[in-house]
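Summary of the model geometry
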Amino acid sequence: MTTSAWAALYDRCADGYDPHVGHFAVLGRRLVDLVDPLPGERVLDVAAGRGACLFPAAERVGPAGAVHGVDLSEGMVRQLAADIAGRGTANATAARMDAQALTVAEGSYDRVLCAFALFLMPDPGSAARGFLRALRPGGRCGVSVPVEQLMPGDRAAMSDLFRSVALRAGPAAARRPDFGMNAGGLLAEAGFTGVRVVEEESAFVFADTAAWWEWTWTTGFRAFYERLPADLLEEFRERAFALLEPAVTREGLPATARTRFAVGTRPGGPGM
Ligand SMILES: C[S@@+](CC[C@H](N)C(=O)[O-])C[C@H]1O[C@@H](n2cnc3c(N)ncnc32)[C@H](O)[C@@H]1O
């Protein structure tokens, strides 16, 4: 999908983004922990969405620091600005910007974050080089990408269902983003040093299949759904629910995700 098509898709996802289990919120906080912003620092959160990284980063840098969230989706930026105002987060702002063509001053940030977005971009290399330029020498960047997207039930059976339905809808429906992209290699190629890659599995529990379905409509899954004719979408939903119902326990519907985090440093800082 093109950059503008992704932005338009996320406009439609923005209102009820990431409901029920807070999957992006949990993993955004994890990325912030790995990048470890310090009190008083300036942080750029690229493709900030509804602030999964921005809010924990704002807590860490405190009133003497600042976090600037940028995203290409107008809907996300509007909602994020409202969230920032609603929470009274005085040290954060939101603005519209393409991650692949950042218009921020060179060396103006101590930390750059980018969670769950590089794999959507046609030119992630440009984005990574922009992250490097945005950082001061010695500044640190952290990115995350999905290796296995959040999925309940039997992952292999669900993947087969996605594949078989997509193939019936035609080649456009079968196109997928670059899951498992080499985020560490991307940072190294862009010029980051000391690149460290961590891969983690995370577990979440949806209340039921309906909650999972609602969650998927606020994520990239929606791109797949919107390419299906109405009858095939309904067939997909029914077959997915039939596969998932046996997996529901007294606690709910368990789901897992596998995420790759990569952290690197702009060379040239003190002691480097
Ligand atoms: C899966 S969401 C992740 C949002 C947030 N980082 C999080 O972890 O919840 C992907 C986000 O990337 C944004 N995005 C996609 N392509 C972009 C681009 N080229 N520049 C800026 N933002 C982009 C979308 O608008 C969306 O908000």
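Scoring rules and cut-offs
Residues numbered from 1 in each chain as written. Predicted model: local features only at pLDDT ≥ 70, side-chain atom pairs only at ≥ 80, totals over all residues. Heavy atoms only, no water. Buried < 20%, exposed > 50% of the residue type's maximum accessible area, 1.4 Å probe, protein only. Helix = DSSP H or I, 4+ residues; strand = E, 2+ residues; numbered from the N terminus. 1 Å grid on protein atoms, 1.4 Å probe; cavity = no way out; pocket = protein on both sides within 12 Å on 5 of 7 lines; lining within 4 Å. Points joined across faces, edges and corners; volume = space filled by probe spheres on them. Nonpolar A, V, L, I, M, F, W, Y, C, P; charged D, E, K, R; others polar. Phe/Tyr/Trp six-rings, centres within 6.5 Å; stacked < 30°, edge-to-face > 60°.

- Looking at an unreviewed UniProt entry, the protein carries the name Methyltransferase domain-containing protein, with the source organism given as Nocardiopsis changdeensis.

Concerning helix H9 (residues 209–216)
- With respect to burial, H9 is a largely interior element, six of its eight residues being buried.
- Those residues of H9 lying buried are Thr209, Ala211, Trp212, Trp213, Trp215 and Thr216.

Describing the layout of surface pockets
- Roughly 230 Å³ of volume is contained in the second largest pocket.
- Forming the boundary of the second largest pocket are 14 residues, of which Ala25, Arg50, Gly51, Ala52 and Arg87 lie nearest the centre.
- Those elements that provide at least two residues to the lining of the second largest pocket are helix H2 (23–35), helix H3 (54–61) and helix H4 (74–87).
- For the lining of the second largest pocket, a count of residues per class yields six nonpolar, two polar and six charged.

Regarding the packing of aromatic side chains
- Scanning the entire structure with this criterion turns up 19 aromatic pairs.
- Seen from their ring centres, phenylalanine 24 and phenylalanine 116 are 5.2 Å apart, and the 85° between their planes marks the pair as edge-to-face. Pair noted here: phenylalanine 24 is in helix H2 and phenylalanine 116 is in the loop between strand S4 (109–115) and helix H5 (124–134), with a separation of 92 residues, a long-range link.
- Using a relative accessible area of 11% as the deciding quantity, one classes phenylalanine 24 as buried.

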